[in-house]
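Architecture and fold: a report
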Amino acid sequence: MPGYLVRSVAPLGAERTDLLLRDGVVVALGRDAASQAGSEDTVIDADGLVALPGLVDLHTHLREPGREDTETVDSGTRAAAAGGFTAVHAMANTAPVADTAGVVEQVWRLGRDAGWADVRPVGAVTIGLAGERLAELGAMATSAAAVRVFSDDGRCVWDPVLMRRALEYTKAFDGVVAQHAQEPRLTVDAQMHEGVVSAEIGLTGWPAVAEEAIIARDVLLAEHVGGRLHVQHLSTAGSVEIIRWAKARGIAVTAEATPHHLLLTDELARSYDPVYKVNPPLRTAEDVAAVRAGLADGTIDVVATDHAPHAVQDKDCEWAAAAFGMTGLETCLAVVQQVMVEEGSFTWADVARVLSHTPARIGRVTDHGRPIAVGEPANLTLVDPAARRTIDPRVQQTASRNSPFAGRELPGEVRWTFLRGRATIADTVAVLAPSRTGAHA
Amino acid sequence: MRHLLSTTDLDRDAAVALLDTAEAMAQTQSRTIKKLPALRGLTIVNLFFEDSTRTRISFEAAAKRLSADVINFSAKGSSVSKGESLKDTAQTLRAIGADAVVVRHPSSGAPHRLAHAGWIDTPVVNAGDGMHQHPTQALLDAFTLRRHLADGRGDLAGRHVVVVGDVLHSRVARSNVDLLATLGARVTLVAPPTLLPIGVESWRCAVTYDLDAALTDDVDAVMMLRVQRERMTSGFFPSEREYARRYGLDGTRLGRLSDHALVLHPGPMNRGLEISAEAADSPRSTVVEQVANGVSVRMAVLYTLLAGDLAGEGDA
Ligand SMILES: [Zn+2]
C-alpha cells in the first residue's frame with residue numbers, strides 16, 4: 001500500500017525533518033525518508049507543521065450504546081480524529097452500562113469497525129454504576145477489549161470499602177481505578193462552584209471540599225493497599241495540593257485536568273447559559289491558575305477531554321434542568337496550545353507527554369504514545385500552530401453542539417491525523433476507512 | 001429598560017425613577033375609578049411555574065388597572081410538569097401574541113434565559129426565580145421604606161435596614177441587598193451561619209450572627225424573612241424553638257427598637273417562628289401596606305417597560 005512522505009515537519013516542534021510512513025509504521029526519518037519514498041507515495045508539504053504522536057484521551061463519552069441521538073462511536077471517534085486523537089477511552093456510563101465483558105467488547109468492536117481511532121472501553125467499577133457491588137472487572141480485563149481503566153464516572157465510588165476493594169482487586173491485572181471525586185452528600189442538587197458567584201446568582205453550590213475530601217481519602221487508600229489510582233477531571237487548587245503531597249509520598253496516583261478547567265471560570269455561569277454547566281463545575285480564576293501550575297510542574301499528569309455530548313433540548317433550557325457536560329475532543333489541543341504553549345510553560349514535547357505518552361501509559365495502551373522514530377507505529381498528528389480558528393460547533397464532527405468555546409478564537413489546527421499509517425484526517429478532511437467505503441459500494 | 005430581571009439591573013437613578021412612577025400610580029389608586037388606559041390593547045401573560053397566589057394577584061391587578069389584557073398561565077401541574085420545556089412554553093406565548101411576560105420559576109435564572117435565549121422577544125419581568133431575585137418585591141419594600149423614612153422622595157441614603165433570616169435560600173434577601181445598597185441605605189444581614197451563603201462576604205452589606213447586637217445599631221427598619229419549616233429537618237438549625245429564640249422578632253426585641261423603626265415581612269408569615277404575633281400586628285408592621293404598595297410598584301414596572309415602548313413608537 002502506498003504511503004506518505006511528510007516533508008519538512010517539526011517532530012515535537014524540534015528541527016525539521018522528513019518522515020516516511022508506510023505499512024502502518026514510520027519506515028524512515030530524515031534524508032532516508034525522501035530517498036526511500038517511491039512515486040506512489042503521497043507527498044505532504046508539512047513546512048510549518050508540528051508532528052506529535054497521535055493523541056490519547058483517557059476520558060471520552062461516546063454515548064453508544066443508548067444515546068445515539070447525541071453521539072455514536074462513529075461520530076465520536078471521527079471527532080477524536082479531527083482533534084488529533086488516535087485512541088480514546090470510552091466511559092462506561094452508557095445504557096446498558098459497560099459493566100460486563102459483552103458490553104465492553106461491543107464498544108471495542110464498534111470502534112474497530114468505524115476505523116477513526118482505537119477505542120479502549122472503560123469498565124464500570126460497580127454493577128450498573130450503582131456503587132454497591134463490584135462488576136466483573138477481571139472478565140472485562142481478559143475480554144477482547146482488554147480493559148485496564150475502570151471507572152464509575154458520572155458517579156463517585158463513594159463507599160470507602162468498595163473503593164478499597166476496587167483498588168486492591170485491579171492489581172491482579174494491572175488495572176487502574178479512575179475516580180470521579182465527588183462527595184455525594186456535600187453536592188446534593190449542586191449546580192455550580194460554591195463561592196462568590198453562586199452566592200450572587202442563587203445556584204446551589206458544589207464546594208471544592210467535596211472533590212478534595214474524596215481525593216484525600218483515595219490517595220490514602222491507594223497507599224494502604226498499593227493499588228493504582230487515577231483522579232479524573234481535577235478542578236480545584238486544593239486538589240492540586242493533595243496530589244502534590246501524595247506524589248511526594250510515593251503514592252501511585254495520577255491525575256488529569258480537562259481543557260475547560262484550564263481556561264474557563266465560574267464567572268461564565270452568570271449568563272445562566274447551560275453550555276457552561278459541567279461536572280465538576282467551572283471553578284475560580286485562582287483554581288484555574290493552580291491547575292495550570294500543577295500541569296506545568298507535573299503534579300497533574302495528563303489532559304483529558306471529558307468530551308460529553310448532549311442533545312440540544314438538554315442544553316436549550318433553564319440551568320437547573322440542563323445536563324452536565326461539554327464537548328471537547330475537537331478543541332482540546334487548541335486549548336492546551338493557548339494556555340500552556342503560548343503562555344510559555346510547555347514545549348511541544350510537553351504537549352506530547354500530557355496528551356499522548358502519559359495517558360497511553362496510564363491506560364496501558366500499547367502502540368500509542370510512542371516516540372516518533374523509525375519502526376514505531378505511524379500514529380501521528382500534524383498540527384499547524386500558526387492557524388487561528390473561531391470555534392463553530394456546527395462544523396465540528398461531533399454529533400452534538402454543546403461546545404463552551406463556540407465563538408471563541410483558539411490557536412492551532414489539526415491538519416493530518418494518521419492511525420497506523422492511514423490518514424483519518426487528510427488536510428483537515430475526514431477520510432472514511434477503505435473497509436467502509438468498500439462496504440458501502 | 002427592556003426587562004426587569006434583577007435589581008442589579010437598576011442604577012440609583014433608574015431605581016428612584018421607578019419608585020417615583022410607583023408614587024404617581026399610587027395617587028391614582030386613591031381615586032374612585034382606578035383604571036388607567038395606558039396599556040389598553042396589550043396582553044400580559046403571568047407565567048407561573050410555582051404557586052404564588054399573592055404575587056400573581058398583585059401582578060394581575062397591576063396589569064388590569066393599566067387596562068392591559070391578562071392571561072394567567074399556571075404552568076405548575078400542567079403540560080410543563082409532563083416535560084414541556086420552558087422554551088416550548090415561551091414559543092406558545094409568542095404565538096399567542098404576548099406583549100410582556102411576567103414569570104415566576106423555581107429555577108434561578110429561568111427569567112434570564114427567557115429574556116436572552118432567543119426564544120421570545122418580549123419584555124420579561126422576573127416575579128421571583130429560585131434563590132436568585134425577586135425585584136418587584138425589593139422595589140415594593142424600598143417603596144414602603146421610602147414612604148416612611150424619606151417622605152416618599154429620593155433615595156434611602158444613610159438609613160439602616162436589618163434583614164433577618166434564611167438568606168441562603170432567599171431571593172428576597174438578594175434583591176433587597178442590591179437595591180437598598182443602590183439606594184444608599186446601609187444593610188446588615190443577620191442569620192445563623194448555616195443560612196448564609198458561602199461568598200456572602202462579597203455582598204454590599206454587613207453580616208452578623210447576632211440579632212440583638214444588630215438591633216442596637218441605629219436601626220430604621222427590620223425585615224424578617226420567611227423561614228421554611230423544612231430547613232429544620234435538613235439540619236440548617238436544630239429546632240424551631242431555638243431558631244425563634246435566637247433569630248425571631250419577639251416582643252422584647254420589638255420593644256428595643258427606636259420609635260420610628262419599621263417591621264417588614266414579605267409574607268406569608270410563620271407567626272411564632274421568625275416573627276411573633278405581637279411584632280406582626282404592631283403599629284410598626286407594614287405587612288398589609290406592603291401588599292397595597294406591591295400593586296403600585298408593579299404598575300410602575302409594567303408601565304415603564306411597555307408604555308415606554310409605545311412612546312418610542314409614537315415619536316418615530
Ligand atoms: Zn466525571
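All of these numbers come straight from a predicted model, not from anything done at the bench.

About the cut-offs
Residues numbered from 1 in each chain as written. Chains lettered and ligands numbered in written order. Predicted model: local features only at pLDDT ≥ 70, side-chain atom pairs only at ≥ 80, totals over all residues. Heavy atoms only, no water. Pairing = 2+ DSSP bridges. Helix = DSSP H or I, 4+ residues; strand = E, 2+ residues; numbered from the N terminus. Axes fitted to C-alpha atoms, helices over the stretch in contact; angles between N-to-C directions. Contact = heavy atoms within 4.5 Å. Domains from an automatic or database assignment. Buried area = accessible area lost by both parts, 1.4 Å probe. Salt bridge = Lys/Arg side-chain N within 4 Å of Asp/Glu carboxyl O. Buried < 20%, exposed > 50% of the residue type's maximum accessible area, 1.4 Å probe, protein only. Donors = N, O, S within 2.8 Å, 3.2 Å for Na, K, Ca; no water. UniProt positions renumbered as here; feature names shortened; annotations may be inferred. Polar contact = N/O pair within 3.5 Å; in protein donor to acceptor, adjacent residues only side chain to side chain. Expected span 1.5 Å × (residues − 1). Phe/Tyr/Trp six-rings, centres within 6.5 Å; stacked < 30°, edge-to-face > 60°. Lys NZ or Arg CZ within 6 Å of the ring centre and 35° of its normal.

Backbone hydrogen bonds hold the strands of a sheet together, and the pairing may be parallel or antiparallel. All names here are of chain B. In space, the 5 strands of this open sheet follow the order β7-β6-β5-β8-β9, with parallel pairing throughout. Of all strands in the sheet, those with a lone pairing partner are β7 (206–208) and β9 (262–264), marking the two edges. Direction aside, neighbouring strands of the sheet carry axes that sit 20 degrees apart on average. Bridge count between strand β5 (residues 160–164) and strand β8 (residues 221–224): 4 bridges; the pairing is parallel. Note on β8: the bridge partner recorded for V164 is M224. On top of the sheet, helix α6 (residues 171–182) reaches β5, β6 (186–190) and β8; it is set at about 160 degrees to β6, its chief contact.

Right, let's talk about the sheet that holds strand β6 (residues 55–60) of chain A for a bit. All names here are of chain A. Read across the sheet, 3 strands follow the order β6-β7-β8 without closing on themselves; strand pairing throughout is parallel. Edge positions in the sheet fall to β6 and β8 (118–121), since each has one partner strand and no second. Sheet twist, expressed as the mean angle between neighbouring strand axes with direction ignored, is 20 degrees. Across 4 bridges, the pairing between β6 and strand β7 (residues 85–90) is parallel. In the strand pairing of β7, V56 is matched with A87. Across the face of the sheet, helix α2 (residues 73–82) comes into contact with β7 and β8 while running at roughly 135 degrees to β7.

All names here are of chain A. Segmentation of chain A into domains returns domain 1 (4–51 + 375–430) and domain 2 (54–362). Of note, the centres of domain 1 and domain 2, computed from C-alpha atoms alone, are 26 Å apart. Facing the 35 residues of domain 1 at the interface are 43 residues of domain 2. Buried area between domain 1 and domain 2, summed over both chains or domains, comes out near 3100 Å², and the portion from carbon and sulfur atoms is 60%. At the boundary of domain 1 and domain 2, one finds 1 salt bridge. When the shortest N-O distance is used, the salt bridge between D118 and R420 registers 2.7 Å.

With that out of the way, let us pick up the environment of A117(B). Residues and elements named next belong to chain B. Within the secondary structure layout, A117 lies in the loop between α4 (110–116) and β4 (124–129). Its relative accessible area of 25% is what places A117 among the partly exposed residues. Along the primary structure A117 and K87 are separated by 30 residues, whereas in three dimensions their C-alpha atoms are 8.7 Å apart.

This brings us to the coordination of the zinc ion. Coordination of the zinc ion by the protein comes from D153(A) (OD), H180(A) (ND1) and H233(A) (NE2), over a distance range of 1.9 to 2.3 Å. Here D153(A) falls in the buried class, since its relative accessible area comes to 5%.

This part is about the pattern of salt bridges. Inspection of the entire model under this criterion finds 46 salt bridges over all chains. As a salt-bridge pair, R113(B) and D273(A) come within 3.8 Å of each other at their nearest N and O atoms. Separated into two different chains, R113(B) in helix α4 and D273(A) in the loop between α9 (259–263) and α10 (285–296) make up a pair that spans both. Overall, D273(A) belongs to the partly exposed group, its relative accessible area being 26%. For E60(B), the salt bridge identified is with R56(B), shortest N-O distance 3.0 Å. On the criterion of helical spacing, the pair formed by E60(B) and R56(B) is a turn pair, its members being 4 residues apart in helix α2 (residues 53–65).

Here we take up the pairing of strand β5 (residues 50–53) of chain A. Residues and elements named next belong to chain A. Neither face of β5 is left uncovered, since the one carrying V50 and L52 and the one carrying A51 and P53 both have all their residues buried. Pairing of strand β1 (residues 4–11) with β5 involves 2 bridges; the strand directions are parallel. Paired with A10 across the two strands is V50, which belongs to β5. By the bridge criterion, 4 bridges tie β5 to strand β16 (residues 380–390) in an arrangement that is antiparallel. Each residue of the ladder has a partner; that of V50, found in β16, is V383.

This next bit is on the UniProt feature "binding site: carbamoyl phosphate" (unreviewed entry) in chain B. Residues and elements named next belong to chain B. The sites that UniProt annotates as "binding site: carbamoyl phosphate" (unreviewed entry) are R54, T55, R104, H134, Q137, G267 and P268. With respect to the helices, strands and loops of the structure, R104 is situated in strand β3 (residues 100–105). For R104, a relative accessible area of 5% corresponds to the buried category. With near-sequence residues (within four places) excluded, R104 lies in contact with L47, F48, F49, E50, D51, S52, T55, A127, G128, H134 and R171. A polar atom in the side chain of R104 sits 3.4 Å from the side chain of S52. Along the polypeptide, P268 turns up in the loop between β9 and α11 (277–280). With relative accessibility at 37%, the residue P268 sits in the partly exposed group. Residues within four places of P268 in sequence aside, it is in contact with R54, R226 and E274.

This part is about the interface of chain A and chain B. Of the residues lining the interface, 19 residues belong to chain A; the matching set on chain B comes to 19 residues. For the pair chain A and chain B, the summed buried surface comes to about 1500 Å²; carbon and sulfur atoms form 54% of the total. Considering only the side of chain A, the residues that lose the most area to chain B are Y272(A), D316(A) and E318(A), jointly responsible for 37% of the buried surface there. At the junction of chain A and chain B, the tally comes to 3 salt bridges.

Residues and elements named next belong to chain B. UniProt records the feature "binding site: L-aspartate" (unreviewed entry) at K82, R171 and R226, using the numbering of this structure. Secondary-structure assignment places R171 in helix α6. Setting aside chain neighbours within four positions, we find R171 in contact with E50, R104, H105, G128, D129, G130, M131, H132, Q133 and H134. A polar atom in the side chain of R171 sits 3.2 Å from the backbone oxygen of G130. Counting through the fold element by element, R226 comes out in the loop between β8 and α8 (230–233). Exposure remark for R226: the relative accessible area of 29% places this residue in the partly exposed category.

Another aspect to go through is α2(B). Residues and elements named next belong to chain B. When the terminal C-alpha atoms of α2 are compared, their 18 Å separation across 13 residues agrees well with the 18 Å that a helix rising 1.5 Å per residue should span. All of the buried residues in α2 are T55, S58, F59, E60, A61, A62 and A63. The positive-phi residue at the C-terminal boundary of α2 is S67, with phi of around 70 degrees.

Residue and element names in this part refer to chain A. Evaluation of the coordinates by the stated rule reveals 7 aromatic pairs over all chains. Plain terms: the ring middles of Y4 and F418 are 5.1 Å apart, the flat faces sit at 65 degrees to each other, and that makes the pair edge-to-face. Remark: F418 occurs in strand β17 (residues 409–419) and Y4 occurs in strand β1; sequence separation between them is 414 residues. Look at Y4 and you get buried, because its relative accessible area is 17%. Residues F150 and F173 carry aromatic rings whose centres are separated by 5.8 Å and whose planes lie at 65 degrees to one another, so their mutual orientation is edge-to-face. One end of the pair, F150, is in strand β9 (residues 149–150); the other, F173, is in the loop between α5 (160–169) and β10 (176–179), with 23 residues separating them in the sequence. Site record: aromatic cluster; members linked through ring pairs are Y4, W416 and F418. Across from the ring centre of W116, 5.9 Å away, lies the NZ or CZ of R422, which sits over that ring.

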